Amino acid sequence: MTSSIAPNSTFSQLEVHAGATPLGLELPTVVRFYQQMMLIRLLEERLLDLFSQGLLFGTTHTSIGQEANAVGVVNALDRDRDIVWSNHRCHGHFIAYSGEVEGLIAEIMGRITGVCGGRGGSQHLCFRNFHSNGIQGGTTPVAVGTALARKEEGAVAVAFLGDGTMGEGAVYESLNLASVFGAPVVFVIEDNEIAQTTPKALTVSGSIVARAEPFGIRTFAYDGNDPVEIFELAREAVGYARAESRPCWLYLRTERIGPHSKGDDTRPALRLEQARARDPIPPMRRRVANFEAIDAFCRSVVDRAVESAAAAPLARG
Amino acid sequence: MRVVESINRALHDLMETNSRLVILGEDILDPYGGAFKVTKGLSSAYQDRVWTTPISEGGIVGMAAGLALKGRPVIVELMFGDFIALAADQIINHAAKFRWMYNDQVEVPVIIRAPMGGRRGYGPTHSQSLEKHFCGVPGLTVLATHEYADPGALLHRAFAARSPHLIIENKVMYARPVLGTAALPRPPDADIVIVTYGGCVEHAVAAAAKLAAEEEIATTVVAVEQLSPFPYEDVQRQVGNCTRVVAVEEGSPGWGFGSECARALIGRVKYFSALAGPDHPIPSSREWEDDVLPGVSAIQAACLDLFRKG
C-alpha cells in the first residue's frame, strides 16, 4: 500500500497544511500516520535529550519503536466521544489522541501550562477523554466503568496494557467485569516482550493472545509494526465493541527500541538489534514521498513547544 | 427507625432524585438485599441501576471510579469492611487521586459503604476496624456513622460533596434505633470528655451513664462523624475547657483515632488516655472478643483512672 502527498506539493504548502493541526487530520492516511509517528518519535527523543542535559527532573517512559500502535489504535477512535486509558508509557497514545505537544512537554517540565498544570507529569495525563496513570493494571477496571458510563452514547473505551501488566490481578477482574456487564472496552495489549528489564519468558505463563477468550471476549491479534494494518484491525475491534456493546482483546506484538525509562536497558546487543530491525519508521519513509518535509515540520513543532514550555512559569502550587 | 432503615431510606431517596446514580455491590439484589439488608428493596425499585457484582472488591471500586468520572455517580457496598484491603489501590491510587492529579479537570462522586467492627463473633477477617488505614489519604473523606446522629443525612451529605467518600458503618449498630444528637450526654462543666466514633459511641454513652450514677462523675461524649480529614477544631471546641479526655476506638492500637485526638488536644488538656482494640487479630471466641474490645467497663475504668489522677 502506498500513499503520499501529491508529488508537486511544495514544502510551504505542506507547512501551512500540516501546521494548522499537528495531527494532520486532513492529510491522506499514510502521510497522516507518518506525521503523527514522527511527532511522537521526535518528541520522545527530545525528552531523553533534555534529561541527559539535566533539564528534566523525575522520570519518563518513552515508547520509541511502539509508535505504530499508538497511531493505528487511536486513529480508529472517535476522538469526540471515545475514551482512552493509558499507562506509564503514555506519551505516544496521548499525542496520537490530542496533538498537544506543548501541553505534554510543559507538563513534563513542571510548568503551569502543562495539560495537568504540572501536577501529573509524564505518566499522569488528562486531556478531554484521555487519561493515564502510573499504576500497572490499575486503570483497567476504571476503563470498564468509563465504558459503561458512556455506552448509551455509543462510546468505546480503550485500555492500553503491556505484557508486563499480565501479572496484575486487576486485569483479570476487569476482563470478567467487562464481559459480565457488557462494557464496550478494547483492551489493547502492546507486547514488547520485556517488563522494565525482565524478559517476558521469566514473567508471563501461557499465551497472552489466548488470555481473554475464556472470559467470552473476542480476540484480535496482530504481529507486525505497520500503522495502517494496525489501524484496520483496531477499526474492526472498535467497531465490534461499539456495535455489540462487548469488550474485546486486541493483541499487538511490538518492540520497544529505547530503554524502559532513561538509561536502564540491559538487553543483549543482539536482542536490541532485533528490536531495531522492527522500527516502524523506516518502512513508512519508503511510502511517504517527502518525509523530510514532515520531519522538519514535526521538529519545528517540538522545538517551539520546548521553547515555549521553558519560558512558562514553574508550577509551585 | 433503626440505623439500617435510616441508611436504606436515604439510598432510596438518592436513587429517586438522581437518575444517573448506580448502586454496586455483592449479593445486593432482592430478595436477599445485601448481607446486612441495607440495600433491601432497591433492586426491585430501580432494576436498571442496582447491579450485583462478581466478588471483585478492587474491580468494582475501580469500575465505580470510572462510572463516576464519566457522569454516573456510584454508591458501592462492600459486604464486609474487612474486604476493603482488596480495593486499597483503587481507592488510594485512583479514585482519591484523579481529581487533584488531573488538575481539577474531573470529579469522582463515589461513596464506598463499609460495614466494620466486631462483637459478632466473626473472627479475625470479618470483625476488623480498618478505617485508620484509609484516614490521611488525600482526596478521600472518611466518615463514620453512629446512632446519635442521622445516618441517612450523613449519606446525603457525602453524596452532595461529589468526591470520594468512605463511610464506616458498624455492623452491630444497624439494629440500633436512631437516637439523634440530643441523646448524647453533655453535662455542663463535665469532669471528663470521652471522644469516640462509630460503634464505640454506644459503649461510651453507657459508661458515661454509669459514671454519673455510680460515681457522680459528669461525663460528656463527643461522637466524631468525620474521621478524615480529622476535624481538629471541632473536637477542640467540643472538649472545651475540660482537662481530662479519654479517646476510644475499636481498631488496633497506635497510628489511629487516639493519636489524632492527642494531636488535636496537646497542650489543651492535662490528662489524656486512649483505649483501642487488641494488637493482635480479633479472636472468634465471644468471651475473648468481649474482653479485648473496649466496652463499657473498660471505658468506665479508664475514665475513673483519669479522674483519680487529679
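Residues numbered from 1 in each chain as written. Chains lettered and ligands numbered in written order. Predicted model: local features only at pLDDT ≥ 70, side-chain atom pairs only at ≥ 80, totals over all residues. Heavy atoms only, no water.

A look at the domain arrangement of chain B
Where the parts come together, the accessible area they lose is often given as the size of the interface. Residues and elements named next belong to chain B. Segmenting chain B into domains produces domain 1 (3–175) and domain 2 (184–309). The straight-line distance from the C-alpha centre of domain 1 to that of domain 2 is 27 Å. Listed as interface residues are 28 residues of domain 1 and, on the opposing side, 31 residues of domain 2. Mapped onto the side of domain 1 that touches domain 2, the elements with two or more residues apiece are β5 (141–144) and α5 (151–161). By residue number, the principal contributor to the side of domain 1 that touches domain 2 is β5, which donates 4 residues. Taken together, the residues of the side of domain 1 that touches domain 2 sort by class into 11 nonpolar, 11 polar and 6 charged. (Domains from an automatic or database assignment. Contact = heavy atoms within 4.5 Å. Helix = DSSP H or I, 4+ residues; strand = E, 2+ residues; numbered from the N terminus. Nonpolar A, V, L, I, M, F, W, Y, C, P; charged D, E, K, R; others polar.)

Section: the interface of chain B and chain A
Of the residues lining the interface, 30 residues belong to chain B; the matching set on chain A comes to 32 residues. For chain B, the biggest contributors to the area lost against chain A are B:Met63, B:Lys70 and B:Tyr102; these three give 27% of the whole. If you look at where chain B meets chain A, you find 3 salt bridges. Across the pair B:Asp104 and A:Arg119 runs a salt bridge whose closest N-O atoms are separated by 3.5 Å. Viewed at the interface, chain A and chain B are joined by 14 residue pairs in polar contact (both at pLDDT 80 or more). (Buried area = accessible area lost by both parts, 1.4 Å probe. Salt bridge = Lys/Arg side-chain N within 4 Å of Asp/Glu carboxyl O. Polar contact = N/O pair within 3.5 Å; in protein donor to acceptor, adjacent residues only side chain to side chain.)

Description of unusual backbone geometry
Backbone phi values are negative for most residues with the exception of glycine, while trans is the configuration of most peptide bonds. Residue and element names in this part refer to chain B. Look at the link from Asp30 to Pro31: it is a cis peptide, with omega at 10°. A cis geometry characterises the amide bond from Ser228 onward to Pro229, with omega recorded as -5°. The topology assignment puts Pro229 in the loop between β9 (226–228) and α7 (232–239). The backbone phi angle of Asp27 is positive, close to 60°, even though this residue is not glycine. With respect to the helices and strands, the residue Asp27 is situated in the loop between β1 (22–25) and α2 (42–45). On the basis of relative accessibility, which here comes to 40%, the residue Asp27 falls in the partly exposed class. (Buried < 20%, exposed > 50% of the residue type's maximum accessible area, 1.4 Å probe, protein only.)

Regarding helix α3 (residues 57–69) of chain B
Residue and element names in this part refer to chain B. Look at α3: 18 Å from first C-alpha to last across 13 residues, which is about the 18 Å you get at 1.5 Å a residue. The buried fraction of α3 is high, at 13 of 13 residues. Following α3 by one or two positions, Gly71 adopts a phi angle in the positive range, close to 95°. (Expected span 1.5 Å × (residues − 1).)

Here's the deal with the packing of aromatic side chains
Overall, the coordinates contain 17 aromatic pairs over all chains when judged by the stated rule. Measuring from ring centre to ring centre gives 5.2 Å for A:Phe33 and A:Phe231, while their planes differ by 70°; the resulting arrangement is edge-to-face. Placement of A:Phe33 in helix α2 (residues 29–52) and of A:Phe231 in helix α8 (residues 227–244) is noted, with a sequence separation of 198 residues between them. Residue A:Phe33 shares its accessibility class with A:Phe231, and that shared class is buried. With a centroid separation of 5.9 Å and 70° between ring planes, the pair formed by B:Phe230 and B:Phe257 is classed as edge-to-face. Highlighted residues: B:Phe230 in the loop between β9 and α7 and B:Phe257 in helix α8 (residues 257–265), separated in sequence by 27 residues. On the basis of relative accessible area, B:Phe230 is assigned to the buried category, the value being 9%. An aromatic cluster is defined as three or more aromatic residues linked by ring pairs; in this entry it consists of B:Phe36, B:Phe80, B:Phe83, B:Tyr122 and B:Tyr174. For the cation-ring pair, A:Arg218 lies above A:Tyr240, with the distance from its terminal atom to the ring centre recorded as 4.8 Å. (Phe/Tyr/Trp six-rings, centres within 6.5 Å; stacked < 30°, edge-to-face > 60°. Lys NZ or Arg CZ within 6 Å of the ring centre and 35° of its normal.)

Remarks on the sheet that holds strand β1 (residues 83–86) of chain A
Residue and element names in this part refer to chain A. Spatially, β2-β3-β1-β4-β5-β9-β8 is the arrangement adopted by the 7 strands of the open sheet, whose pairing is mixed. Strands at the two margins of the open sheet, each flanked by one partner only, are β2 (126–127) and β8 (218–223). Taken together, the 3 bridges between β1 and strand β3 (residues 130–132) define a ladder with parallel strand orientation. Residue pairing for β3: Ser86 is matched across the bridge by Ser132. (Pairing = 2+ DSSP bridges.)

Looking at the pairing of strand β9 (residues 248–253) of chain A
A regular strand places its side chains so that they alternate between the two faces of the sheet. All names here are of chain A. Most of β9 is tucked away: 6 of the 6 residues are buried. Residues Cys248, Leu250 and Leu252 of β9 are buried on one face, and the alternating residues Trp249, Tyr251 and Arg253, pointing to the opposite face, are buried as well. Here strand β5 (residues 185–191) pairs with β9 via 6 bridges, running parallel. Bridge pairing in β9 places Ile189 opposite Tyr251. Across 6 bridges, β8 lies against β9 in parallel orientation. Its bridge partner lying in β9, Tyr222 is registered against Leu252. With α8 bridging β8 and its parallel neighbour β9, the resulting β-α-β unit is right-handed. (Right-handed = clockwise from strand over helix to strand, strands pointing away.)

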